[in-house]
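The lines below spell out each chain.
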Number of protein chains: 2
Amino acid sequence: MTMNSALRTLKSIGREMEILEGTEALLHWDKSTFLPKKAAEQRSEQVAYISGLLHAKRTDPQFQKAVQQLRRRPKGLSFVEKRLVEEYTKKMNKWTKIPLSHVEEFSKVAALSFKAWERAREKNDFTMFAPYLEKIVQLKKKEAVYINPKGHPYEVLMDEFEEGMTIVKVEAVFAKLKPELMGILSKIKNSKRYKAQQPRTGNFPVETQKLITQDISRMILGENDCFCCVESVHPFTTTICPDDVRITTAYQEDPLFSFLSTAHECGHALYELGFGDQLRGTVLFDSPSFGLHESQSRFWENQVMKSREFWQYYYPFYRKHFPALSAVSADDFYFSLNQVRPSLIRIECDEVTYCLHIIIRYELERALLEGKIAVKELPQLWAAKYQVYLGVEPKNAVEGVLQDVHWSEGSFGYFPSYAIGTMYAATIFSKVQKHMPGVRGGDFGPIIQWLRKNIHQHGALYPAEEVVRKSCGKGLTADDFLAYLKKKYYGLYGV
Amino acid sequence: MTMNSALRTLKSIGREMEILEGTEALLHWDKSTFLPKKAAEQRSEQVAYISGLLHAKRTDPQFQKAVQQLRRRPKGLSFVEKRLVEEYTKKMNKWTKIPLSHVEEFSKVAALSFKAWERAREKNDFTMFAPYLEKIVQLKKKEAVYINPKGHPYEVLMDEFEEGMTIVKVEAVFAKLKPELMGILSKIKNSKRYKAQQPRTGNFPVETQKLITQDISRMILGENDCFCCVESVHPFTTTICPDDVRITTAYQEDPLFSFLSTAHECGHALYELGFGDQLRGTVLFDSPSFGLHESQSRFWENQVMKSREFWQYYYPFYRKHFPALSAVSADDFYFSLNQVRPSLIRIECDEVTYCLHIIIRYELERALLEGKIAVKELPQLWAAKYQVYLGVEPKNAVEGVLQDVHWSEGSFGYFPSYAIGTMYAATIFSKVQKHMPGVRGGDFGPIIQWLRKNIHQHGALYPAEEVVRKSCGKGLTADDFLAYLKKKYYGLYGV
């Protein structure tokens, strides 16, 4: 094979993978939005079939040969092409090391486990889910050994989401975060304002919420038709092809759920729509890590959409649409939006407590994979940690260990990405906060420009931490986040 | 290969085809409903890729070998299995006779031709579309020769939609229909009521129309979630998997457009949801012809939803929702709904003139394929026929020869299915009209039961005409339709 023919093979099979991934994404999007319940089983078969085709492409001997040859003789390749070969080499390594029989077994067990998790939630009974989770843990341990028998199983699995991240680095950040967050929380809880705070009440019609979410998506994503906002039980973002990135949302009584989740998903979508054109059709047309992706969504959700500047701009319009707010001042609304309140449910919690929820999950799943704790101990350990870190205790499994879908699908090592993304978002914010005064006038342009230029366009050309380091002068650190929290929340609570 | 292993091959590859067809259907449904415009090209690539995979399965040598072997030694096969082998033999014959190079060329030309048709419609200029149509005609002639060099090209192409139907049979029906319909129309036009009739006016909000279409789909399809009604430019029905059949609709000023098109699509969907379970995952889980499919949609649209019995039941509810109708009596509304009015646009026309629109298209496309007329002559010939058959003349190409999408995509031989379906619907109605009194009380049960038992469950086990003959005692005939029209419309117009 000449270099050119190897490159052609690499690119054409890469393009096939992109098409199959997009088709699979559409099958999933549709499953969460329009698929009739009765057809769920049939849809799973369609997804399994397309996944099988994708796996065949990923392990295609022609493709492997082309990648290996280009890796051995990279002379004459452009920078992007070299990175492409590197990235495919890494991925191929995983794709080919895990035997197909394992992939198939895992996919069957995961489907059953997901269903068991759903049933267990309905009945609020962890024991219905426990045997499936045990099997999942066992299979994930096995998978880690296939990929790297010498590595720490947790680190090997985390690499799937956070390429190149190590346990040592994550531990260092968490070791700092945990006491600091508990300290901030304790200070807030002792404040007068905390003791007097009240939950939001009032009637916020869904039709009006829809109008607001449309407005938010136009603000962040612009007046294009490159996304569409339909409802699903859990909001998510998915890319079906480069110019077709979709977000979903859900409406609850509290209008801030749809508001903030839309801002969050728009952050993801803006990132997906911003990858450099020269990366299209390749594995580099992607984010280098889930953490960096999460930084983009959490940045919009928290740093922008929960800021005083944003609500100075937006509140007059917002209040006009919700009569329930007619007697609520901008200041009071801003405070209610940012109220700190240790709670049991991760996806509804505030900025201060968020990472404590993550750390609890990290500690438990790591111990599980290290064999230090057993599945059946999870509910008590979960409750104990919530008691110590947050001062609250779940009354049952649904508001405790059964709340997240991740483990049921075997996504061990995923949770740290949420915290990493939160750290990156704060570090990025330290660079762009000079543009926040513009937000008072509704101008998001300079912020979007900065993100596009410094983060989005690179796709997966560089590791996540390098992307942040290049643009912000430092890698993963808890410092910016803690400084941001202290400034904002000590101010809010007058402590 | 043993019989059992051949059967396994047949069924497993058949199942793969079903999955790929369903995936393609989802890509198409999504293209018409949610896809951002900007991603149209990328979606075409996804569709082309999945079509390619489907073609590979259809021409898989293993599959062919299995079918051939079972055809040669059918002993021991069940009735359904024998029919399966027959049906695959017929289809395989077509799939393998048309060279891949032709399929690919046609698919490219068709894509360009469709775009040219859209542009030509925008500019109202047939000459922009003519060169593409010439190319399409040429390729379809070539295709007919590939399939059967000795057959009449029109009959060969019609067989794609109406398996087993002959030109002789179609001609016989049309030869009767044409003068009779022109005669009925002439009688109606000379009536007092015709001369006094007025078009419907008033304000019919889209939100209320939506409520009505939801109600209609519940009435016909029941309280399941096996369908969802979203908007697309042209309403259609599609099956993504056996329990996932979807209809779309569109809303116009006149509320009867969404009402009747929803009834029409629900008729298609009810049929698709009614195929026998033992046919799942095979090529027999389908209708044997487009005509029989169309009979199901036209039956609900016309025989049921335009009936006096239905509106006796439904009008009080309908009028309550549209204040514009508060002064309109049930009788007047029923008449306005069934007004005969020769017009230029097929999809908006009445029951009496519908088949004349079809016959015009049939005569022109047949002459085109026989080389008796040229593409450039179409606009004048079209206008002349409308003048003679219907007494109206298009002022331009958009309300004339450019109105239908079919030719731009090369669907020659499709139009007769609309007329055939109309004949079948009337013949079926002659058997079930005894249940119409029940409709006055909102009871569709006995009609649905009859259709399920006599038409739907058979899928493609028997040829279309045989399905009708078995249940109604006769095959394709214009008699029932003409009798139905005369009874209904002579009554309405007092002639």
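Residues numbered from 1 in each chain as written. Chains lettered and ligands numbered in written order. Predicted model: local features only at pLDDT ≥ 70, side-chain atom pairs only at ≥ 80, totals over all residues. Heavy atoms only, no water.

Asker: Teacher, can you tell me more about the overall build of chain A here?
Answerer: Each helix and strand counted, chain A has 21 helices and 3 strands in total. Over its C-alpha trace chain A gives a radius of gyration of 23 Å, about what one expects of a compact globule, namely 23 Å for 495 residues. The principal-axis extents of the C-alpha atoms in chain A amount to approximately 75 × 50 × 45 Å. In chain A, which comprises 495 residues, the share counted as buried stands at 57%. If you sum the accessible surface of chain A, you get close to 20700 Å²; carbon and sulfur atoms cover 53% of it. Distance from the positive charge centre (67 side chains) to the negative charge centre (59 side chains) of chain A: 4 Å. (Helix = DSSP H or I, 4+ residues; strand = E, 2+ residues; numbered from the N terminus. Rg over C-alpha atoms; globule rule 2.2 N^0.38 Å. Buried < 20%, exposed > 50% of the residue type's maximum accessible area, 1.4 Å probe, protein only. Areas by Shrake-Rupley, 256 points an atom, 1.4 Å probe, with all protein chains shown as cover. Lys, Arg positive; Asp, Glu negative; His and termini not counted. Charge placed at Lys NZ, Arg CZ, Asp CG, Glu CD.)

Asker: Would you mind going over the interface of chain B and chain A with me for this structure?
Answerer: For an interface, size is often stated in terms of accessible area lost upon the parts coming together. At the junction of the two partners, chain B supplies 36 residues and chain A supplies 36 residues. The contact between chain B and chain A buries some 2900 Å² in all, and 60% of this surface belongs to carbon and sulfur atoms. Run the count over chain B and chain A and you get 8 salt bridges. Linking chain B with chain A are 10 residue pairs in polar contact (both at pLDDT 80 or more), by the criterion used here. Secondary structure elements with two or more residues in the side of chain B that touches chain A: helix 1 (3-33), helix 2 (40-58), strand 2 (237-241) and strand 3 (244-249) of chain B. Of the residues forming the side of chain B that touches chain A, the biggest block, 10 residues, is contributed by helix 1 of chain B. A breakdown of the residues in the side of chain B that touches chain A according to their chemical character gives 19 nonpolar, 4 polar and 13 charged. (Contact = heavy atoms within 4.5 Å. Buried area = accessible area lost by both parts, 1.4 Å probe. Salt bridge = Lys/Arg side-chain N within 4 Å of Asp/Glu carboxyl O. Polar contact = N/O pair within 3.5 Å; in protein donor to acceptor, adjacent residues only side chain to side chain. Nonpolar A, V, L, I, M, F, W, Y, C, P; charged D, E, K, R; others polar.)

Asker: Got a minute to help me understand the sheet that holds strand 2 of chain B in this structure?
Answerer: The strands making up a sheet associate through hydrogen bonds between their backbones, and the pairing can be parallel or antiparallel. All names here are of chain B. Pairing within the open sheet is mixed, and its 3 strands lie in the order 1-3-2. With one partner strand each, in any of the chains shown, strand 1 (229-231) and strand 2 form the two edges of the open sheet. On average, adjacent strands in this sheet sit at an angle of 35° to one another, irrespective of strand direction. With 4 bridges connecting them, strand 2 and strand 3 associate as antiparallel partners. (Pairing = 2+ DSSP bridges. Axes fitted to C-alpha atoms, helices over the stretch in contact; angles between N-to-C directions.)

Asker: What is the right way to look at helix 6 (residues 130-147) of chain B in this model?
Answerer: An α-helical segment advances 3.6 residues per turn. Residues three or four places apart therefore align on the same side. Residue and element names in this part refer to chain B. Helix length check: helix 6, at 18 residues, gives a terminal C-alpha distance of 26 Å against a target of 26 Å (1.5 Å per residue), a fit within 8%. Taken together, the buried positions of helix 6 are occupied by A130, L133, I136, V137, L139, K140, E143, A144 and I147. Close packing links the buried residues of helix 6 with helix 4 (79-97), helix 5 (100-123), helix 7 (153-158), helix 15 (354-369) and helix 16 (378-390). (Expected span 1.5 Å × (residues − 1).)

Asker: Would you take a moment to explain the pairing of strand 3 (residues 244-249) of chain A for this structure?
Answerer: Look at any regular strand and the pattern is simple: side chains alternate between the two faces of the sheet. All names here are of chain A. Along strand 3, 6 of the 6 residues are buried, which leaves the element largely enclosed by surrounding structure. By the alternation rule, side chains of strand 3 split into D244, R246 and T248 and V245, I247 and T249, which are all buried. Pairing between strand 1 (residues 229-231) and strand 3: 3 bridges, direction parallel. Opposite E231, over in strand 3, you have T249 as the bridge partner.

Asker: Which parts of the structure should I look at to understand the environment of B:A144?
Answerer: All names here are of chain B. Checked against the element boundaries, A144 lands in helix 6. Separated by 14 residues in sequence, A144 and M158 place their C-alpha atoms 9.9 Å apart. Those residues within four positions of A144 in sequence are excluded, and the remaining contacts are P149, P153, V156 and L157.

Asker: What should I look at first to understand the packing of helix 2 (residues 40-58) of chain A against helix 1 of chain B in this one?
Answerer: How two helices sit against one another is set out by the angle between their axes and by the gap between those axes. Two elements in contact, helix 2 of chain A and helix 1 of chain B, have axes separated by 10 Å at closest approach and are oriented at 100°. It follows from the interaxial angle that helix 2 of chain A and helix 1 of chain B lie roughly perpendicular. For the pair helix 2 of chain A and helix 1 of chain B, the contacting residues are A:R43, A:E45, A:Q46, A:Y49 and A:I50 in the first and B:R15, B:E16, B:I19, B:L20, B:G22, B:T23 and B:L26 in the second. The class makeup of the residues in the contact of helix 2 of chain A with helix 1 of chain B is 5 nonpolar, 3 polar and 4 charged. (Parallel < 35°, antiparallel > 145°, perpendicular 65-115°, else oblique.)

Asker: What should I look at first to understand the sheet that holds strand 2 (residues 237-241) of chain A in this one?
Answerer: With respect to topology, 3 strands assemble into an open sheet ordered 1-3-2 (chain A), the strand pairing being mixed. Bordering the open sheet on either side are strand 1 and strand 2 of chain A, each of which pairs with just one other strand. Pairwise comparison of adjacent strand axes, ignoring direction, gives a mean angle of 35° for this sheet. In the packing of helix 11 (residues 255-272) of chain A onto the sheet, contacts are made with strand 2 and strand 3 of chain A, and the angle to strand 3 of chain A comes to roughly 165°. Each of strand 2 and strand 3 of chain A is contacted by helix 2 of chain B, which is oriented at about 75° to strand 2 of chain A, the strand it contacts most.

Asker: Looking at this structure, I do not really get the relation of the copies chain B and chain A. What am I missing?
Answerer: Between the two copies, chain B and chain A, the superposition gives an RMSD of 0.1 Å; the rotation angle is 179° and the shift along the axis is 0.0 Å. Seen this way, the second copy is the image of the first under a two-fold rotation axis. When the interface residues of chain B are mapped onto chain A, 100% of them again lie at the interface, so the same face is used by both copies. (Least-squares fit on C-alpha atoms with pLDDT ≥ 70 in both.)

Asker: Would you explain the pattern of salt bridges in this entry?
Answerer: When their charged atoms lie close together, side chains carrying opposite charge are able to pair. On inspection of all chains with the given rule, the structure shows 80 salt bridges over all chains. One salt bridge in this structure joins B:D244 and A:R43, with 3.7 Å as the shortest N-O distance. In this pair, B:D244 is assigned in strand 3 and A:R43 in helix 2, connecting two distinct chains. In this structure, B:D244 and A:R43 share a single accessibility class: buried. Ionic pairing is found between A:K135 and A:E105, a salt bridge with its closest N-O pair at 3.5 Å. A residue pair is termed long-range when its members are at least 10 positions apart, and A:K135 in helix 6 (residues 130-147) and A:E105 in helix 5 (residues 100-123) qualify at 30 residues. Under the relative-accessibility criterion, A:K135 is labelled partly exposed at 29%. Under the relative-accessibility criterion, A:E105 is labelled partly exposed at 31%.

Asker: Would you mind showing me how to read the packing of aromatic side chains here?
Answerer: The way to describe two aromatic rings as a pair is by their centre distance and the angle between their planes. A full pass over the atoms with the stated rule returns 91 aromatic pairs over all chains. Judged by centre distance (6.3 Å) and plane angle (90°), the ring pair of A:W407 and A:F415 falls under edge-to-face. Given a relative accessible area of 5%, A:W407 falls into the buried group. Classification of A:F415 as buried rests on a relative accessible area of 1%. Here B:Y314 and B:Y318 contribute two aromatic rings whose centre-to-centre distance is 6.1 Å and whose plane-to-plane angle is 45°, an arrangement assigned as tilted. Here B:Y314 and its partner B:Y318 are both found in helix 13 (residues 308-321), 4 residues apart, which amounts to about one turn of the helix. Judged on exposure class, the residue B:Y314 and its partner B:Y318 are both buried. (Phe/Tyr/Trp six-rings, centres within 6.5 Å; stacked < 30°, edge-to-face > 60°.)

Asker: Would you mind showing me how to read the packing of helix 5 of chain A against helix 6 of chain A here?
Answerer: All names here are of chain A. Closest axis-to-axis distance for the helix 5/helix 6 pair is 9 Å, and the angle between their directions is 150°. With respect to helix 6, the element helix 5 is oriented roughly antiparallel. Classified by chirality, the crossing of helix 6 by helix 5 is left-handed. Where helix 5 abuts helix 6, its residues H102, E105, F106, V109, A110, L112, S113, A116 and R119 lie against Y132, K135, I136, L139, K140, K142, E143 and Y146. Within the contact of helix 5 with helix 6, the residues separate by chemical class into 9 nonpolar, 2 polar and 6 charged. (Left-handed = near helix turned anticlockwise from the far one by under 90°.)

Asker: So what exactly am I meant to see when it comes to the environment of A:I50 here?
Answerer: Of note, A:I50 is situated in helix 2. A relative accessible area of 0% places A:I50 in the buried class. Those residues in contact with A:I50 that sit more than four places away from it in its chain are A:L20, A:T23, A:E24, A:L27, B:T23 and B:I50.

Asker: What should I look at first to understand the confidence of the model for chain A in this one?
Answerer: Residues shown with low pLDDT carry predicted positions that ought not to be read at fine detail. On average, residues of chain A carry a pLDDT of 95, and 99% of them reach 70 or more. Scoring of the predicted complex yields 0.91 for pTM and 0.90 for ipTM. (pLDDT = per-residue confidence, 0-100.)

Asker: Got a minute to help me understand the side chain of A:H268 in this structure?
Answerer: Residue and element names in this part refer to chain A. Structurally, H268 is set in helix 11. Taking relative accessible area as the criterion, H268 reaches 10% and is therefore assigned buried. Side-chain polar atoms of H268 contact the side chain of E294, separated by 3.4 Å. With residues up to four places along the chain from it excluded, the contact list for H268 reads T237, H293, E294 and S297.

Asker: Even after reading the chapter, I still don't get the nonpolar core, so can you show me in this structure?
Answerer: One broad rule of soluble globular proteins: the nonpolar side chains tend to lie buried together. The biggest cluster of nonpolar side chains holds 325 residues, and the ones touching the most others in it are A:L177, A:F259, A:Y318, B:L177, B:F259 and B:Y318. Discounting residues that sit within four places of it in the chain, A:F259 has contacts with A:I212, A:T213, A:I216, A:M305, A:F310, A:W311, A:Y314 and A:Y318. (Core = buried A, V, L, I, M, F, W, Y, C linked by side-chain atoms within 4.5 Å.)

Asker: How should the environment of A:H293 be read in this particular structure?
Answerer: Residues and elements named next belong to chain A. In this structure, H293 sits in helix 12 (residues 290-304). Linking H293 and S417, residues 124 residues apart in sequence, is a C-alpha distance of 8.8 Å. Those residues in contact with H293 that sit more than four places away from it in its chain are H268, Y271, E272 and S287. At 2.7 Å, the side chain of H293 forms a polar contact with the side chain of E272.

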